[in-house]
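Observations on the three-dimensional arrangement
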Amino acid sequence: MTATETRPAPPEAPRPPGWGGFLVGAARGLWRQLTSMRTALVLLFLLAVASIPGSVLPQSNVAIEQVQQYYRDHPTLAPWIERVDGFNVFGSPWFAAIYLLLFTSLIGCVIPRLRDHYRAIRSVPPNVPARLDRLPQHASAADHDGDIEGVAAALRKQRWRVAVRGDTVSAEKGYLKETGNLVFHVSLLAVLVAVALGSWYGWHGNRILVTGKDSSFCNSLQQYDEAKLGPRVDEGKLPPFCMTLDDFEATYQTSGQPKEFRASVTVEGDGPTRAASFSVNDPLRLDGASVYLLGHGYAPILRYTDRFGQTQTKEGPFLSTDEMQTSTGAISFPDANVDPATGKRDASLQMGFDGIYMPTAPDQAPFVTSRFPAEENPALLLTAYRGNLGLDAGIPSSVYRLDQAQIDAGRLKPVGEGKLLKPGETWTLDDGSTVQFVGTKEYATLSVRHDPGQGIALVAAVLALGGLMGSLFGKRRRVFFRLTSPSPTSSSRLLEAGGLPRTDYPGFAEEFASTVAAVREKKT
Amino acid sequence: MAALSDALLVVAMLGYLVAMICYAAVYAFGDRGAVARVATRELVGAGGPPVVEVVEEVRKPAVPGRVSWAGRIAAAVLVLAGVAQIGSLIFRGVAGDRLPWGNMYEYVLAATSVAAVAWIVVMVQRPALRHLGLYVALTQVVLLGVAALFLYVPVGPLVPALDSYWLAIHVTAVAISSGVFLIGFVPAGLFLIRSGWDNGKAGFPFTLGERLPTAAVLERLSFRLHAFAFPIWTFGALIAGPIWAEAAWGRYWGWDPKEVWAFISWIVYAGYLHARATPSVKKTTATWIAVLGFLTMLMNLFGVNLFFTGLHSYGGL
Ligand code: HEM
């Protein structure tokens, strides 16, 4: 981080004549510019500024729904933002350009410094300057009665690196500063490598898992609601495990504030079949993947008996919309009302229900929000629709709501008023068909992930911090001593000392004084 | 216990107000000359680093008795206010039977308590700088006021998202470093005022510079505090935070708004230390970067929590 010494510019290499020479010269100039401290600083700040839009605008990799909402709210602006990658700042080419330039600049700056530092560590401290009294710190004593070896020994004891030449000693200390600095910069490069590894070889998938054996899922791409594999991940080589959510336990304070969430699962395929449980902040670690509990909710179960007496049962996870787990969702029966005699499906007789589920419904209307997140007085406010669900159009649609376009176009029509159902209750519709609210199951929102870079990133970050401390608090400094005899006969001699802090170091005067004192005390 | 905690907060805020008034009296009656002389003696006596504290020429004949009393009372009241504030934090923890930094109110209380401690340490080590207590008290009153008025939530248990020992590690580290950055901000800002004054700027804030310690002293203190806080910050926000994020959210870094701003603050403070260590960069330029760093911290604490939705939910707000 610190550049207190300016390296002398390397001697200009002879430049071949002509255009080639011009290009080489220009490239060399550019490179020098890029690897200068100032450029690195500017790039660093640019990186900070460039990340601001990433916190202001919704990001598609973090919250795709919010991006969609943004499109609805700002229909003209949004496509422009999209064009400049505003919804994907951290994956955008311009963001990458900044950090790649920064890291190039870092490499360009670090490599010569590594070389210089390696030389500095191996070299001996320089000759004692002729005039010690010119140095920032200076002391002398006319009556020193030790010899030069004694001076050197005292310095070595204080862990100075010492060079004795004749009757002079040069000593240097504080290489840690530059070492730490280099460790820091190299570690930053390692963090970048770790991040790259993670994005190439890492993968993740999200999945809503409803309790019960029927809904268990296996770790394959098709079984995720949403998944992303790094470009170097082989889809067929995902760790083979299957998981059943046996039980989901949620406990709450009387205020409704959650106390604990815990998912109990059976895991197959990851070693012997076993039961396991995990919770928020305490993921399930499997071989090659970890499973995180991100959220939970309720999945109401509906049993629909159509006008031909055919019964189907379906469950649909509802999304919670507030702290009390008021949840909304939809359940569709596209295969309802198929005449069993002819087998003919009438696309205008499909059934869809949307509803608000309240784990603890209020005692009186309006029945729109839940009073408590646990199921103390569960009720489902259901609206029925008949018509064309619009599922065949091939447009991917949300499973949490019916197709609003179909409803607006009148192709999907509400049947009667909404109806509040308690578990077990049945509602008879105008055509004699019935829908029963059977009950609910709980579901857990899981994220399954693997990131091979994270261990490296952690080690690198810790090293970076260590290096940073060394570079911030280390101080490079030199002291010099010279012994001279005023006359060949006298036994006590003149000891001259000088000190030179090579970095900003306010406490150097004291250290110098105590070093001189230690040298004076040392007798041989 | 909860009531006691709330009462102590009020005591602390009143204390800071009283301290402010005393300091204001010192400023108004100006015994800067007398204090400066004492200060210089103390600096040398403490065997501190060879900061060249230029002995200010006595600008006004001092009225030593009364005014230095006001200064002493101010310092004492400020310490008492700090103690009350820490007491408020402790009793909050006792009442909730957990670490008292599990929501935004508590976080502000904890970070400002650290700032109080940091300031007391500075006062003990550099008595010459006691006078800056005015600005410390001002900052404290403002932040505690915001916390009490807008962020207050009753004591409650932790939500599952926070129920982790990483709360003790991550949040403690960021609270400590934020508190010290807060104290570092005071001399940084004052240094800018003072060096403006030295360069002949008149007009408001610069006229304050007359009564401030020398620019070099302020600048060095600001650097010390920032250099102390920065590694703790790095550890808390960029090591412990990501470790926790891995366990809680499944990824160690995901450019969540809080993460973005932690990253920005880190870059800005790193830029400050970098610039400070580069001889060709003027100290005022470097210090402006530190001030900017503090603004990004405020943005992270208030702006991000209140305006953006991210994973970093603060329980109870
Ligand atoms: C300015 C920087 C930061 C500050 C001031 C800060 C502060 C806090 C505070 C006060 C909490 C307590 C919980 C709460 O009330 O929400 C917390 C929790 C947490 N922090 Fe940070 N943090 C910062 C940066 C980070 C970063 C960069 C990460 C990860 C990369 C991180 C990860 C976490 C996690 C995982 C939790 C617990 C889960 C949760 O809040 O839902 N933090 N942080």
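Owing to the predicted nature of the structure, the values given are computational and were not obtained by experimental measurement.

**Overview of the overall build of chain A**
- Helices and strands together make up the secondary structure of chain A, namely ten helices and 21 strands.
- The C-alpha radius of gyration of chain A comes to 37 Å, more than 25% above the 24 Å expected for a compact globule of 524 residues.

**Looking at the overall build of chain B**
- Helix and strand content of chain B: nine helices and zero strands.
- From first element to last, N terminus to C terminus, chain B shows the α and β order α-α-α-α-α-α-α-α-α.
- Considering chain B as a whole, with its 317 residues, one finds that 61% of them fall into the buried category.
- Put simply, of all contacts in chain B between residues at least 6 apart along the chain, 80% involve residues at least 24 apart.
- For chain B, the computed accessible surface area is about 12400 Å², with 74% contributed by carbon and sulfur atoms.

**Brief notes about the interface of chain A and chain B**
- Opposite the 51 residues of chain A that make contact, chain B presents 52 residues.
- Buried surface at the junction of chain A and chain B, both sides included, amounts to about 4200 Å², of which 68% is carbon and sulfur.
- At the boundary of chain A with chain B, the tally comes to one salt bridge.
- Taking the shortest distance from any N to any O, the salt bridge between Arg285(A) and Glu246(B) comes out at 2.8 Å.
- Considering only residue class, the side of chain A that touches chain B consists of 34 nonpolar, nine polar and eight charged.

**Notes on the pattern of salt bridges**
- Throughout the structure, instances matching the rule amount to 25 salt bridges over all chains.
- We note a salt bridge from Asp431(A) to Arg307(A), for which the minimum N-O separation is 3.1 Å. Of this pair, Asp431(A) sits in the loop between β18 (426-428) and β19 (434-450) while Arg307(A) sits in the loop between β11 (289-305) and β12 (311-315), placing them 124 residues apart in sequence.
- Here Glu106(B) makes a salt bridge to Arg98(B), at a shortest N to O gap of 3.1 Å.
- Exposure remark for Glu106(B): the relative accessible area of 1% places this residue in the buried category.

**Some points on the UniProt feature "transmembrane region" (unreviewed entry) in chain A**
- In the numbering used here, UniProt assigns the "transmembrane region" (unreviewed entry) feature to residues 40-57, 94-114, 182-203 and 455-473 of chain A.
- Across residues 455-473 of chain A, helical content stands at 100% and strand content at 0%; the span's end C-alpha atoms are separated by 27 Å.

**Some words on unusual backbone geometry**
- Along the chain, Ala365(A) connects to Pro366(A) via a cis peptide bond; the corresponding omega equals 0°.
- For Pro366(A), the location among the structural elements is in the loop between β15 (350-358) and β16 (379-387).
- Non-glycine residue Asp97(B) carries a positive phi angle of around 55°.
- Inspection of the secondary structure assignment puts Asp97(B) in the loop between α3 (64-96) and α4 (104-125).

**Some details on a nonpolar patch on the surface**
All names here are of chain B.
- On the surface, a nonpolar cluster with roughly 370 Å² of combined accessible area is contributed by Met1, Leu4, Ile90 and Val94.
- Position of Leu4 relative to the elements: it lies in helix α1 (residues 2-29).
- You can call Leu4 partly exposed: its relative accessible area is 39%.

**Considerations on the packing of aromatic side chains**
- For the coordinates displayed, the defined rule picks out 25 aromatic pairs over all chains.
- Ring geometry for Phe90(A) against Phe95(A): centres 5.2 Å apart, planes inclined by 85°, an arrangement best described as edge-to-face. Accessibility assignment for this pair places Phe90(A) and Phe95(A) in one class, buried.
- For the pair Tyr252(A) and Phe372(A), a centre-to-centre distance of 5.9 Å together with 70° between the ring planes defines the contact as edge-to-face. Of this pair, Tyr252(A) sits in strand β7 (residues 242-252) while Phe372(A) sits in the loop between β15 and β16, placing them 120 residues apart in sequence.
- One aromatic cluster in this structure is built from Phe90(A), Phe95(A), Tyr99(A), Trp253(B), Trp255(B) and Phe263(B).
- Sitting over the face of the ring of Trp160(A), Arg477(A) holds its NZ or CZ atom 5.6 Å from the ring centroid.

**A look at the environment of Ser195(B)**
All names here are of chain B.
- Relative to the helices and strands, Ser195 resides in helix α6 (residues 166-198).
- Residue class for Ser195 comes out buried when judged on its relative accessible area of 9%.
- As a C-alpha pair, Ser195 and Thr214 span 19 residues in sequence and 8.4 Å in three-dimensional space.
- For Ser195, the contacting residues outside a window of four places in its chain are Ala215 and Thr284.

**What about the sheet that holds strand β21 (residues 493-501) of chain A?**
Residue and element names in this part refer to chain A.
- Read from one edge of the open sheet, five strands run β1-β21-β20-β3-β2, paired in antiparallel fashion. A strand with exactly one partner marks an edge of an open sheet, and here the two such strands are β1 (137-144) and β2 (161-165). In this sheet, neighbouring strand axes are inclined to one another by 15° on average, regardless of whether the strands run parallel or antiparallel.
- Taken together, the eight bridges between strand β20 (residues 477-484) and β21 define a ladder with antiparallel strand orientation. Across the sheet, Val479 pairs through a bridge with Gly499, a residue of β21.
- Packed on one face of the sheet, helix α6 (residues 148-157) meets β1, β2, β3 (168-173), β20 and β21 and runs near 170° to β2.

**A closer look at the domain arrangement of chain B**
Residues and elements named next belong to chain B.
- Per the domain assignment, the segments making up chain B are domain 1 (1-135) and domain 2 (158-317).
- The contact between domain 1 and domain 2 buries some 3000 Å² in all, and 73% of this surface belongs to carbon and sulfur atoms.
- By the criterion of area lost to domain 2, the three top residues of domain 1 are Met104, Tyr107 and Tyr135, representing 22% of everything that side buries.
- Inspection of the domain 1/domain 2 interface yields zero salt bridges.
- Across the domain 1-domain 2 interface, the total number found is two residue pairs in polar contact (both at pLDDT 80 or more).
- A per-element tally of the side of domain 1 that touches domain 2 places α4 first, with eleven residues.
- Residues belonging to the side of domain 1 that touches domain 2 are distributed by class as follows: 20 nonpolar, four polar and seven charged.

**Concerning the pairing of strand β9 (residues 271-279) of chain A**
All names here are of chain A.
- Sheet topology note: the strand β8 (residues 258-269)/β9 ladder contains seven bridges and is antiparallel. Bridging across to β9, Ala263 finds its partner in Phe278.
- Counted between consecutive antiparallel strands, the loop separating β8 from β9 contains one residue.

**Some words on the sheet that holds strand β17 (residues 412-421) of chain A**
All names here are of chain A.
- Strand order in the open sheet formed by five strands is β13-β14-β15-β16-β17, and the pairing between neighbours is antiparallel. Two strands in the sheet have a free side with no partner beyond their single neighbour: β13 (319-320) and β17.
- In this sheet, strand β14 (residues 327-333) lies alongside β13 in antiparallel orientation, the contact comprising two bridges. Across the sheet, residue Ser320 finds its bridge partner in β14, namely Ser327.

**Regarding the state of the cysteines**
All names here are of chain A.
- Counted under the stated rule, the structure contains one disulfide over all chains.
- Residue pairing for Cys218: its cysteine sulfur links by disulfide to Cys242, the two sulfurs lying 1.9 Å apart. Judged by the torsion about the S-S bond (105°), the Cys218/Cys242 disulfide is right-handed. One end of the pair, Cys218, is in strand β5 (residues 217-218); the other, Cys242, is in strand β7, with 24 residues separating them in the sequence.
- Assessed through its relative accessible area of 23%, Cys242 is described here as partly exposed.

**Thoughts on the UniProt feature "transmembrane region" (unreviewed entry) in chain B**
Residues and elements named next belong to chain B.
- Here, the residues flagged by UniProt with the feature "transmembrane region" (unreviewed entry) are residues 6-29, 69-95, 107-125, 132-153, 165-193, 225-245, 260-275 and 287-308.
- Helix makes up 100% of residues 107-125 and strand 0%, with an end-to-end C-alpha separation of 27 Å.
- Spanning residues 165-193, this segment combines 97% helix with 0% strand, and its end C-alpha atoms are found 42 Å apart.

Cut-offs used in this document
Residues numbered from 1 in each chain as written. Chains lettered and ligands numbered in written order. Predicted model: local features only at pLDDT ≥ 70, side-chain atom pairs only at ≥ 80, totals over all residues. Heavy atoms only, no water. Helix = DSSP H or I, 4+ residues; strand = E, 2+ residues; numbered from the N terminus. Rg over C-alpha atoms; globule rule 2.2 N^0.38 Å. Buried < 20%, exposed > 50% of the residue type's maximum accessible area, 1.4 Å probe, protein only. Contact = heavy atoms within 4.5 Å. Areas by Shrake-Rupley, 256 points an atom, 1.4 Å probe, with all protein chains shown as cover. Buried area = accessible area lost by both parts, 1.4 Å probe. Salt bridge = Lys/Arg side-chain N within 4 Å of Asp/Glu carboxyl O. Nonpolar A, V, L, I, M, F, W, Y, C, P; charged D, E, K, R; others polar. UniProt positions renumbered as here; feature names shortened; annotations may be inferred. Patch = residues over 30% accessible without salt bridge, like charges linked within 9 Å, V, L, I, M, F, W, Y side chains within 5 Å. Phe/Tyr/Trp six-rings, centres within 6.5 Å; stacked < 30°, edge-to-face > 60°. Lys NZ or Arg CZ within 6 Å of the ring centre and 35° of its normal. Pairing = 2+ DSSP bridges. Axes fitted to C-alpha atoms, helices over the stretch in contact; angles between N-to-C directions. Domains from an automatic or database assignment. Polar contact = N/O pair within 3.5 Å; in protein donor to acceptor, adjacent residues only side chain to side chain. Disulfide = S-S within 2.5 Å.

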